[in-house]
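Examination of the molecular architecture
Here is how the chains run, residue by residue.
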Amino acid sequence: MIAIDNLQFGYGRSALYQGFSAHVEQPGIYGVFGRNGSGKSTLLKLICGLLAPWGGQLRVLGQNPRHRSPNLLESVYIVPEEFHLPNLKPTQLATTQGLFYPRFSVQRFGDYLVELEVPADMRFEAMSLGQKKKAAIAFALATSTPLLLMDEPTNGLDIVGRGQFRKLMQRPEQADRLVLISTHQAHDLESILSHVWFIDQGRLALSSTMSDLAQRLHMGVARSADELSAVPSIIFQESVGAHTAYVAARDADSTGSVGTVQLELLYKALSLSRDTLLAALPEGDKELA
């Protein structure tokens, strides 16, 4: 679905990507993580053809996205972090812009608006920022494009809205599409992601399924120094009040129960102890920068 090989790109004379490679063959929900300035938003824009790479190969659904062919544009939708909605009602937005996407479902759009508590007959200029963001998300999901790109979709949403977003992403109709979500809100998304990308120094430092990470890493909180000392192969640790949160390598032969992946803790470990963490993962899960 996406094939990126030796991608080169930057702004002005400053290179951002120098040899970035990544491949996606199956649908799923991918979380794209990285520190500020790592190029997460830029990557989404390159994938949908809003930016042109300096070099390398980039194919999306079998095509060069920079050619902006109509059959590719109707198959890809992007929700940018900063967006503008015309001063219409959501129902009018569906009528005027939904027609550009042959898989667009008016019924689902209405269902999503109800789930997100967005009034269908209110003009966008009268809505709050959170309501506008929800409307943009509802429209994006209703396009039913095979590829959906979302940049910080939960920014501007309250706690209830973030829960509503997760619920929509877990609906069965989303299972057949590829969704790339660039975000810093790791905790908001860890329950819905199937795969994690971590971008560092212009390359894909980590590409792994959530299930593989859970098999290879153990994350938890030690309530005392003695409890922490009993944890083998600690990769990263940080104080959380009187306790200590940690990421440890799980023994490949371990038969114990598999825990959950805490993405905020994983993000910190990748940012501050990247090489040590990557060394604990199989070669198939990483591409060292």
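Note: the structure precedes this text.
The present account deals with the structure reproduced in this document. Fair warning: this is a prediction, and the values are worked out from it, not measured in the lab. (Residues numbered from 1 in each chain as written. Predicted model: local features only at pLDDT ≥ 70, side-chain atom pairs only at ≥ 80, totals over all residues. Heavy atoms only, no water.)

Within this structure, the stated rule accounts for six salt bridges. For Glu-115, the salt bridge is made with Lys-167, and the minimal N-O distance between the two is 3.6 Å. Pair noted here: Glu-115 is in helix H4 (residues 106-115) and Lys-167 is in helix H6 (residues 159-169), with a separation of 52 residues, a long-range link. By sharing partners, the salt bridges in this structure join Asp-200, Arg-274 and Asp-275 into a single network. (Salt bridge = Lys/Arg side-chain N within 4 Å of Asp/Glu carboxyl O. Helix = DSSP H or I, 4+ residues; strand = E, 2+ residues; numbered from the N terminus.)

Below, the discussion takes up the pairing of strand S9 (residues 203-209). Pairing between strand S8 (residues 195-200) and S9: six bridges, direction antiparallel. Bridge pairing in S9 links His-195 to Thr-209. Counting the residues that bridge the hairpin from S8 to S9 gives two residues, and of these Gln-201 lies at a positive phi of roughly 55°. (Pairing = 2+ DSSP bridges.)

For any pair of aromatic rings, geometry is given as the distance between the ring centres together with the angle between the planes. Applying the stated criterion to the full structure yields 12 aromatic pairs. Judged by centre distance (5.1 Å) and plane angle (85°), the ring pair of Phe-9 and Tyr-11 falls under edge-to-face. Tyr-11 sits in the partly exposed class, given a relative accessible area of 44%. Both rings, one in Phe-109 and one in Phe-139, keep their centres 5.9 Å apart while their planes meet at 90°; by these two values the pair is edge-to-face. (Phe/Tyr/Trp six-rings, centres within 6.5 Å; stacked < 30°, edge-to-face > 60°. Buried < 20%, exposed > 50% of the residue type's maximum accessible area, 1.4 Å probe, protein only.)

The next subject is the pairing of strand S2 (residues 14-24). In the sheet, strand S1 (residues 2-11) pairs with S2 via eight bridges, with the strands oriented antiparallel. Its bridge partner being in S2, Gln-8 is matched across the sheet by Gln-18. Here S1 hands over to S2 after two residues, with Gly-12 in that stretch at a positive phi of 65°.

Assignment of secondary structure puts Lys-133 in helix H5 (residues 129-142). Residues contacting Lys-133, with those up to four places away along its chain left out, are Glu-81, Phe-83, Glu-152, Pro-153, Asn-155 and Leu-157. (Contact = heavy atoms within 4.5 Å.)

This brings us to the nonpolar core. A general tendency of soluble globular proteins is for nonpolar side chains to be buried together. In this structure, Phe-165, Leu-217, Leu-263, Leu-266 and Leu-277 are the most contacted members of the largest nonpolar core, which totals 58 residues. With seven residues, the top contributor of residues to this core is H5. Each residue touching Phe-165, except ones within four places of it in the same chain, is listed here: Leu-116, Ile-137, Met-150, Pro-153, Thr-154, Leu-157, Ile-181, Leu-189 and Ile-192. Ile-2, Leu-72, Leu-147 and Ile-199 belong to the second largest nonpolar core, which has 29 residues in total. (Core = buried A, V, L, I, M, F, W, Y, C linked by side-chain atoms within 4.5 Å.)

Taking 1.5 Å of rise per residue, 14 residues should cover 20 Å, and H5 covers 20 Å from first to last C-alpha, within 8% of that figure. Of all 14 residues in H5, 11 are buried; the element is thus mostly enclosed. Within the span of H5, buried status applies to Gly-130, Lys-133, Lys-134, Ala-135, Ala-136, Ile-137, Ala-138, Phe-139, Ala-140, Leu-141 and Ala-142. Remark: Ser-144 follows H5 within two positions and exhibits a positive phi of approximately 55°. (Expected span 1.5 Å × (residues − 1).)

Another aspect to go through is the sheet that holds strand S10 (residues 217-222). Judged by pairing direction, the sheet is antiparallel, and its three strands sit side by side in the order S10-S12-S11 without closing on themselves. Of all strands in the sheet, those bounded by a partner on one side alone are S10 and strand S11 (234-240). Here the average twist between neighbouring strands, direction ignored, is 15°. Across six bridges, S11 lies against strand S12 (residues 243-249) in antiparallel orientation. Among the inter-strand pairings, Glu-238 is bridged to a residue of S12, identified as Ala-245. Seen against the sheet, helix H10 (residues 263-272) touches S10, S11 and S12 and runs at an angle of roughly 115° to S11. (Axes fitted to C-alpha atoms, helices over the stretch in contact; angles between N-to-C directions.)

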